[in-house]
Amino acid sequence: MESYRRAQNATWFLDGEGIEHRVVQSDIPRYLGNDATVMRGSGPDGRHGYVYQAYRPLTSAMIRSLKEDSLRYNRERNNPHYTYRHHDLGTYYNASLPFSSPASLSEVETEKALGSSTQMWDG
């Protein structure tokens, strides 16, 4: 009989530039499972970001999505005509309108959203 062995969670650092805490907090379980945890922290070089524990690191596509969701969240959270809620799929949406797929970000916003990386955390 084979015994099931759960993968050991490792600790990782995610550069926080362009990523809102509220967004990463709600999206990380969707990307890395319900056992994944995240908290604010500093990287080995003092950069602001997030320390998270998970069985694997975030992929570049996941990081891009976190940044895009954060841009969308920041762009509209202060608009008094919008009430934003977190959708089960991890996307922030305007609760005052019927839910639809989020609008695409401009090329400039998308380029700004790229470039962050995840690295193993030894701290």
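Structure: see above.
The model shown is predicted, which means the values in this text are computed figures rather than measured ones.

Help me out: how do you make sense of helix α1 (residues 21–32) in this one?
If you check α1, its first and last C-alpha atoms are 16 Å apart, about what 12 residues at 1.5 Å a residue would give, namely 16 Å. Listed as buried for α1 are Val 23, Val 24, Asp 27, Ile 28, Tyr 31 and Leu 32. In an axial view of α1, the angular spread of the buried residues amounts to 125°, which keeps them on one side of the axis. Looking one or two places after α1, you find Gly 33, whose phi comes out positive at around 95°.

Help me understand the environment of Ile 28, please; the structure alone is not making it clear to me.
By the element assignment, Ile 28 lies in helix α1. According to the relative accessible area criterion, Ile 28 is buried, its value standing at 2%. On a C-alpha basis, the gap between Ile 28 and Tyr 52 in space is 8.7 Å, while along the polypeptide they are 24 residues apart. With near-sequence residues (within four places) excluded, Ile 28 lies in contact with Gly 33, Ala 36, Val 38, Tyr 52 and Leu 58.

Would you mind going over the packing of α1 against helix α2 (residues 60–76) with me for this structure?
How two helices pack is summed up by the angle between their axes together with the distance between the axes. Where α1 meets α2, the axes come as close as 10 Å, and the angle between the chain directions of the two elements is 145°. As for the relative orientation of α1 and α2, their crossing is right-handed in sense. Listed contacts from α2 to Arg 22, Val 23, Val 24, Asp 27, Arg 30, Tyr 31 and Leu 32 of α1 are Met 62, Ser 65, Leu 66, Asp 69, Ser 70 and Tyr 73. Its residues assigned to classes, the contact of α1 with α2 shows seven nonpolar, two polar and four charged.

Just checking my understanding: could you explain the pairing of strand β2 (residues 37–42) for this structure?
Consecutive side chains of a regular strand alternate in pointing toward one face of the sheet and then the other. Both β2 and strand β3 (residues 48–54) contribute to a ladder of six bridges, which runs antiparallel. Each bridged residue has a counterpart across the sheet, and for Thr 37 the counterpart in β3 is Gln 53. With antiparallel pairing between neighbouring strands as the criterion, β2 and β3 make up a hairpin whose turn holds five residues, including Gly 46 at a positive phi of roughly 90°.

Whenever I open this one, the pairing of β3 confuses me. Can you help?
Most of β3 is tucked away, with five of its seven residues classed as buried. Looking at chain direction, strand β1 (residues 10–15) and β3 are connected through six bridges and run antiparallel. Pairing of Leu 14 across the sheet is with Tyr 50, part of β3.

Would you explain the nonpolar core in this entry?
Within soluble globular proteins, side chains that are nonpolar generally end up buried alongside one another. Formed by 19 residues in total, the largest nonpolar core has its most connected members in Leu 14, Val 24, Ile 28, Leu 32, Tyr 52, Leu 58 and Leu 66. For this core, the elements supplying multiple residues, two or more each, are β1, α1, β3 and α2. It is α1 that contributes the most residues to this core, five residues altogether. When near neighbours in sequence (up to four residues on either side) are disregarded, Val 24 contacts Leu 14, Ile 19, Val 38, Tyr 50 and Leu 66.

What counts, and at which threshold
- Residues numbered from 1 in each chain as written.
- Predicted model: local features only at pLDDT ≥ 70, side-chain atom pairs only at ≥ 80, totals over all residues.
- Heavy atoms only, no water.
- Helix = DSSP H or I, 4+ residues; strand = E, 2+ residues; numbered from the N terminus.
- Expected span 1.5 Å × (residues − 1).
- Buried < 20%, exposed > 50% of the residue type's maximum accessible area, 1.4 Å probe, protein only.
- Arc of directions from axis to C-beta.
- Contact = heavy atoms within 4.5 Å.
- Axes fitted to C-alpha atoms, helices over the stretch in contact; angles between N-to-C directions.
- Left-handed = near helix turned anticlockwise from the far one by under 90°.
- Nonpolar A, V, L, I, M, F, W, Y, C, P; charged D, E, K, R; others polar.
- Pairing = 2+ DSSP bridges.
- Core = buried A, V, L, I, M, F, W, Y, C linked by side-chain atoms within 4.5 Å.

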